[in-house]
Amino acid sequence: ARDTEFDKIAALDAGADDYVSKPFGMGELLARLRAALRRSTPSDESPIVSTPDFVIDLRTRSVTKVVEVGSEDIKLTPTEWGVVEVLVRNAGRLVAGREILQTVWGPQYGDETNYLRVHMTHIRRKLEPEPAVPRYFLTETGMGYRFVPASTDESAR
């Protein structure tokens, strides 16, 4: 019920990150929540994730592939980056396909698993040493995907 400019300023000055006036649409609320989640990065999180085959820098939104004679920048599309970022920020954790779809594509998506499969194929072709046998971007059939920065068979080598 508080929607005057004074009320909004007071709430923001008191520490609020955002302010939504009634009436509001569910789409607007969900977009504001996604924006807030993007801004909230845990302080103990490292912005750089290294594997033996590539390096992901979350701060600069860049990926560098390790090659025999140095490194090479990998170009990801905005959608591919969105998928990679969700998985890397949840390293080791199973992320449901629906969660990835709704985070990257938006709240109206959730059942379009074919979109996700296509983009995972592209990501694997660009980053995995053997795309047909992924080490880092794993599929858990019927459940979701998992990013594993250090593969278990890597320690055996």
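If you're wondering where the values come from, they're calculated on a predicted model, not measured in any experiment. (Residues numbered from 1 in each chain as written. Predicted model: local features only at pLDDT ≥ 70, side-chain atom pairs only at ≥ 80, totals over all residues. Heavy atoms only, no water.)

A.B. asks: An account of the nonpolar core is requested, with residue identities and associated values reported.
C.D. replies: In this structure, Ile 56, Leu 87 and Phe 137 are the most contacted members of the largest nonpolar core, which totals 25 residues. For this core, the secondary-structure elements that each account for two or more residues are strand E2 (54–57), helix H3 (78–89), helix H4 (97–104), helix H5 (113–127) and strand E7 (144–147). For this core, the element with the highest residue contribution is H3, accounting for six residues. When near neighbours in sequence (up to four residues on either side) are disregarded, Leu 87 contacts Val 95, Ile 100, Met 120, Phe 137, Tyr 145, Arg 146 and Phe 147. (Core = buried A, V, L, I, M, F, W, Y, C linked by side-chain atoms within 4.5 Å. Buried < 20%, exposed > 50% of the residue type's maximum accessible area, 1.4 Å probe, protein only. Helix = DSSP H or I, 4+ residues; strand = E, 2+ residues; numbered from the N terminus. Contact = heavy atoms within 4.5 Å.)

A.B. asks: Please give an account of the sheet that holds strand E4 (residues 70–74) that cites residues and values.
C.D. replies: The strand order across the open sheet formed by four strands is E1-E2-E3-E4, and the pairing between neighbours is antiparallel. Both edges of this open sheet fall to strand E1 (48–50) and E4, since each of them pairs with a single strand only. Along the sheet, successive strands turn relative to each other by an average axial angle of 20°, direction set aside. Pairing analysis gives four bridges linking E2 to strand E3 (residues 62–67), with the strands arranged antiparallel. Residue Val 55 lies in a different strand from E3, and its bridge partner there is Thr 64. The sheet contacts of H3 involve E1, E2 and E3, and relative to E2 the element is tilted by about 90°. Taken strand by strand, H5 contacts E2, E3 and E4, and its axis lies near 45° from that of E3. (Pairing = 2+ DSSP bridges. Axes fitted to C-alpha atoms, helices over the stretch in contact; angles between N-to-C directions.)

A.B. asks: I'd like to hear about the packing of H4 against H5, residue by residue, with values.
C.D. replies: Interhelical geometry of H4 versus H5 gives an angle of 85° and a closest axis separation of 10 Å. Between H4 and H5, the angle falls in the class roughly perpendicular. Of H5, the residues touching H4 (which contributes Gly 97, Ile 100 and Leu 101) are Thr 113, Tyr 115 and Leu 116. (Parallel < 35°, antiparallel > 145°, perpendicular 65-115°, else oblique.)

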